[in-house]
Amino acid sequence: MHVLQKTQKIVRYQNQHGKIHYGIVEDGMILQLSSSFAELVKKEIKYDGVELKYSDVKILEPVKPSKVVNFGWTYAGHAKETGGEANLVEPFLFLKPLSALIPDKEKIILPPNDLSNQVELEGEVALVIGKRGKNIKEEDALDYVFGCTIFNDVTARDLTKKDPQFTRGKGFDTFGPLGPCIVTGVDPTNLRIVTTLNGRVVQDGNTNEMSLSIPFLISWLSQVMTLEPGDILATGSPSGSCPIKSGDVVVVEVENIGRLCNEVQ
């Protein structure tokens, strides 16, 4: 039995034999584990002795959550550019269906034009919950975070502007790129987010610019719903959300975590 060090990059992947494992990423290699996610969040890892090149496996979504919770308009600039309310007192909340999730390198599939013709990117930091929590105190909130990953809250903006709630505009299949890894031991309250569209920077923000703090969001949410290990909490997008079209390549990069890259089709 080994104890996770303060910072580890953890991936979930399918190997060449079709088996799904978790692994630790080190210097372009994956140290394969026999541990389950439940064991990982208890800070226990079990190496099985296999090492693989990162490039030789299929990277999957880093976790299979029970729910994907999104916070909207947590950055004043993004709220203003999308017609939302800046500097909210209470969070604006919506859910993504699990069917929206795709991993790094998988394609974002645009809906037909008769359903939506204004799909936009939103690069975000996502929290991965590590233990069950209800009515969490704000001062204890970060203790419930196992690690951080990257999320692209792909949005049919024309639909969110006209629908009374966001489910349709946020919920298309492939509208939730997630990954590529979970990084433990990073401070989610001070992470730079840079999103590029075909190599051009369109978003450049930091979680320290959020109008509602991450500990507050976790605490507030836990009064509404019980948080379970593996749940994804997407913390919102800085300004710069913009339309994407077929053939585009979107890269969301978060310092100390990595790069989430998806082509649009």
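Remember, predicted model here, so these are calculated numbers, not experimental data. (Residues numbered from 1 in each chain as written. Predicted model: local features only at pLDDT ≥ 70, side-chain atom pairs only at ≥ 80, totals over all residues. Heavy atoms only, no water.)

*Asks:* I keep staring at the nonpolar core and nothing clicks. Help me out?
*Replies:* Across soluble globular proteins, you tend to see nonpolar side chains buried next to one another. Ile-218, Leu-221, Leu-227, Leu-233, Ile-244 and Ile-257 are the most contacted members of the largest nonpolar core, which totals 57 residues. Sorting the residues of this core by element identifies strand E2 (9-14), strand E8 (68-72), strand E12 (123-129), strand E13 (145-152), strand E15 (176-183), strand E16 (192-197), helix H5 (214-224) and strand E19 (249-254) as the ones contributing at least two each. Sorting elements by how many residues they give to this core places H5 first, with five residues. Every residue in contact with Leu-227, bar those within four places of it in the chain, is listed here: Lys-67, Ile-129, Lys-131, Arg-132, Gly-133, Ile-136, Ile-218, Leu-221, Ser-222 and Leu-233. Membership of the second largest hydrophobic core comes to 20 residues, among which are Ile-24, Leu-40, Val-41 and Ala-126. (Core = buried A, V, L, I, M, F, W, Y, C linked by side-chain atoms within 4.5 Å. Buried < 20%, exposed > 50% of the residue type's maximum accessible area, 1.4 Å probe, protein only. Helix = DSSP H or I, 4+ residues; strand = E, 2+ residues; numbered from the N terminus. Contact = heavy atoms within 4.5 Å.)

*Asks:* Teacher, can you tell me more about the side chain of Lys-170 here?
*Replies:* If you trace the backbone, Lys-170 turns up in helix H4 (residues 167-170). According to the relative accessible area criterion, Lys-170 is buried, its value standing at 2%. At 3.5 Å, the side chain of Lys-170 and the side chain of Glu-122 are in polar contact. Sequence-distant contacts of Lys-170, that is, excluding residues within four places in its chain, are made with Phe-94, Lys-96, Glu-122, Asp-153, Val-154, Thr-155, Thr-160 and Phe-175. (Polar contact = N/O pair within 3.5 Å; in protein donor to acceptor, adjacent residues only side chain to side chain.)

*Asks:* What am I meant to see in the sheet that holds E19 here?
*Replies:* Hydrogen bonds along the backbone pair up the strands of a sheet, which may run parallel or antiparallel. An order of E17-E16-E19-E20 is seen for the four strands of this open sheet, with the pairing classed as antiparallel. With partners counted over all chains shown, the strands left at the sheet margins are strand E17 (200-206) and strand E20 (258-263), one partner each. In this sheet, adjacent strand axes meet at a mean angle of 15 degrees when their direction is disregarded. Sheet topology note: the E16/E19 ladder contains five bridges and is antiparallel. Opposite Thr-196, over in E19, you have Val-251 as the bridge partner. (Pairing = 2+ DSSP bridges. Axes fitted to C-alpha atoms, helices over the stretch in contact; angles between N-to-C directions.)

*Asks:* Explain the packing of aromatic side chains to me, please; I cannot follow it from the model alone.
*Replies:* Between two aromatic rings, the relevant description is the distance of the centres plus the angle of the planes. For the structure shown, the criterion picks out eight aromatic pairs. With a centroid separation of 6.2 Å and an interplanar angle of 50 degrees, the aromatic rings of Phe-92 and Phe-94 are classed as tilted. Accessibility expressed as a relative area gives 24% for Phe-92, which makes it partly exposed. The interplanar angle of 55 degrees and the centroid separation of 5.2 Å between the aromatic rings of Phe-172 and Phe-175 together place this pair among those described as tilted. Comparing Phe-172 with Phe-175, the two get one shared label, buried. By the ring-pair criterion, three or more aromatic residues cluster together here, those being Trp-73, Phe-92, Phe-94 and Phe-166. Above the ring of Tyr-144, the side-chain terminus of Lys-131 is found at 4.6 Å from the ring centroid. (Phe/Tyr/Trp six-rings, centres within 6.5 Å; stacked < 30°, edge-to-face > 60°. Lys NZ or Arg CZ within 6 Å of the ring centre and 35° of its normal.)

*Asks:* Looking at this structure, I do not really get unusual backbone geometry. What am I missing?
*Replies:* Peptide bonds are trans in most cases, and residues, glycine excluded, mostly fall at negative phi. Cis geometry marks the peptide bond from Gly-179 to Pro-180; its omega dihedral reads 0 degrees. Mapped onto the elements of the fold, Pro-180 is located in strand E15. Backbone geometry places Lys-43, a non-glycine residue, at a positive phi of 65 degrees. With respect to the element layout, Lys-43 can be found in the loop between helix H1 (37-41) and strand E5 (44-45). Of note, Asn-135 is a non-glycine position whose phi angle comes to about 50 degrees, a positive value. Mapped onto the fold, Asn-135 is located in the loop between E12 and E13.

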